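Structural description and commentary
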Amino acid sequence: MTFNKTLLAAAIAMTPAMTFAGDWTGSYAGFAFGGSDITATVKPLDNTELDGDGGSTGLFAGYNYQVGNIVYGVEFDFDATNYNVSDLVLVESTSRLKARIGAPVGDGLAYGVAGVVGASTNSVLPEGLGPVSGFAVEDGVGYLVGAGYDMKFGDNLIAGAEVLYHEFDDEALNVEVTTLKLRVGFNF
């Protein structure tokens, strides 16, 4: 019985130390690579669905501010992409501005994000697609939500993964993109 009380007291005493196992306040930057799953709905073609996927490599930078057990932050990232939608549209790059909120978990940071995303393409739809033949697919702006986990290795190295859901919607297209990115960076 005494052993159980001692073990319980030790666990309670260690809980704050494990919860605050590092301060996440400060700037950070790094690189990421990943892949995507894409569904595009072409509204003028009776809501025809097109599928796609592709890879990306990019850079990210941000700033976190920790208050107690909550971490707030903002992050910008840029990816060179090879997102191919049914061999009709090629997305060449994306840029994101994300607000982050999370909490330390062990040596890591679990977080959620929300923000805006811009995508760049130079695609023109080929002939034979009825009312959208020759239609220039324009750069798009949409929203994103997601979640991630970053883990500290030493004082400055961080590595993690992030899953994001993006949606672009205009008069001609509704595009939904899910990405999974692996990230490596440094705290400053």
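The following refers to the structure shown. Along every chain, residues carry numbers that run from 1 in the direction the sequence is written. Per-residue local features of the predicted model are confined to residues with pLDDT of at least 70, and side-chain atom pairs are confined, for both listing and counting, to 80 or more; whole-chain, interface and lining totals are unaffected and use all residues. Note that the side-chain values use all heavy atoms of the structure and ignore hydrogens as well as water.

Next up on the list: the overall build of the chain. Counting its regular elements, the chain contains 1 helix and 8 strands. Secondary structure elements are defined from DSSP: runs of H or I of at least 4 residues count as helices, runs of E of at least 2 residues count as strands, and each element is numbered from the N terminus. N-terminal to C-terminal, the α/β element order of the chain is α-β-β-β-β-β-β-β-β. When accessible area is computed with a 1.4 Å probe and restricted to protein chains, residues below 20% of their type maximum are described as buried, those above 50% as exposed, and intermediate ones as partly exposed. Residue burial in the chain is summarised as follows: out of 188 residues, 37% are buried. Contacts in the chain between residues far apart in sequence, at least 24 positions, make up 59% of those at least 6 positions apart. Here the open area of atoms and residues is found with the Shrake-Rupley method and a 1.4 Å probe, where only the protein chains shown may cover a residue. Counting only carbon and sulfur atoms, one obtains 65% of the accessible surface of the chain, whose full area is about 10,000 Å². In what follows, a contact means two residues having at least one pair of non-hydrogen atoms within 4.5 Å.

Quick look at a negative patch on the surface now. Taken together, the side chains of Asp37, Glu49, Asp51, Asp53 and Glu176 define an acidic patch exposed on the protein surface. The leading source of residues in the negative patch is strand 2 (residues 48–67), at 3 residues. Mapped onto the elements of the fold, Glu49 is located in strand 2. Residue Glu49 is classed as exposed on the basis of its relative accessible area of 55%. Like-charged residues are merged into a patch within 9 Å and nonpolar side chains (Val, Leu, Ile, Met, Phe, Trp, Tyr) within 5 Å, provided each residue has over 30% relative accessible area and no salt bridge. By salt bridge we mean one thing: a side-chain nitrogen of Lys or Arg within 4 Å of a carboxyl oxygen of Asp or Glu. We treat Lys and Arg as the positive residues and Asp and Glu as the negative residues; His and chain ends play no part in the count. Lys charges are placed at NZ, Arg charges at CZ, Asp charges at CG and Glu charges at CD.

Turning to the packing of aromatic side chains, a few remarks are in order. Each pair of aromatic rings taken from Phe, Tyr and Trp, with Trp reduced to its six-membered ring, is defined by centres within 6.5 Å and is described as stacked if the planes are under 30 degrees apart, edge-to-face if over 60, and tilted in the remaining cases. Using the criterion set out here, one finds 2 aromatic pairs in the structure. Throughout this description, the term charge over a ring refers to an Arg CZ or Lys NZ atom that lies within 6 Å of the ring centre and within 35 degrees of the ring normal. The aromatic ring of Tyr111 is capped on one face by Arg100, whose charged end is 4.0 Å from the ring centroid.

Pairing between two strands requires that DSSP report at least two bridges joining them. With antiparallel pairing, 8 strands are arranged side by side around a closed barrel as 1-2-3-4-5-6-7-8. Strand-to-strand twist of the sheet, defined as the mean angle between neighbouring strand axes without regard to direction, takes the value 20 degrees. For strand 1 (residues 26–42) and strand 8 (residues 173–187), the ladder comprises 15 bridges, and the chain directions are antiparallel. Bridge pairing in strand 8 links Gly30 to Gly185. For every element, the axis is a line fit to its C-alpha atoms; helices are fit only across the contacting stretch, and the angle between N-to-C directions ranges from 0 to 180 degrees.

The final tally for this structure, using the stated rule, is 13 salt bridges. Its salt-bridge partner being Asp150, residue Arg100 comes within 3.7 Å of it at the nearest N-O pair. Note that Arg100 is positioned in strand 4 (residues 89–105) and Asp150 in strand 6 (residues 140–153), a separation of 50 residues in sequence. The exposure class of Asp150 is buried, given its relative accessible area of 2%. Shared partners join several salt bridges into a network, and the residues in it are Glu75, Asp77, Asp79, Arg96, Lys98, Arg100, Asp150, Glu162, Lys181 and Arg183.

Moving on, we come to a nonpolar patch on the surface. Judged by side-chain polarity, Tyr63, Tyr65, Val67, Ile70, Tyr72, Val74, Phe76, Phe78, Leu97, Ile101 and Val116 come together as a nonpolar surface patch covering roughly 1,000 Å² of accessible area. For the nonpolar patch, the secondary structure elements donating two or more residues are strand 2, strand 3 (70–85) and strand 4. Top element by residues in the nonpolar patch is strand 3. It accounts for 5 residues. Here Phe78 is to be found in strand 3. The class for Phe78 is partly exposed, based on a relative accessible area of 39%.

Mapping Asn82 onto the fold places it in strand 3. As a C-alpha pair, Asn82 and Gly55 span 27 residues in sequence and 5.4 Å in three-dimensional space.

Below, the discussion takes up the pairing of strand 7 (residues 157–169). Inspection of the sheet shows strand 6 paired to strand 7 by 11 bridges, in the antiparallel sense. Directly across from Phe153, in strand 7, lies its bridge partner Leu157. Connecting strand 6 to the next strand, strand 7, in antiparallel fashion are 3 residues, including Gly154 with a positive phi near 80 degrees. Taken together, the 13 bridges between strand 7 and strand 8 define a ladder with antiparallel strand orientation. For Glu162, the partnering residue across the bridge sits in strand 8 and is Lys181. The loop that links strand 7 with its antiparallel partner strand 8 comprises 3 residues.

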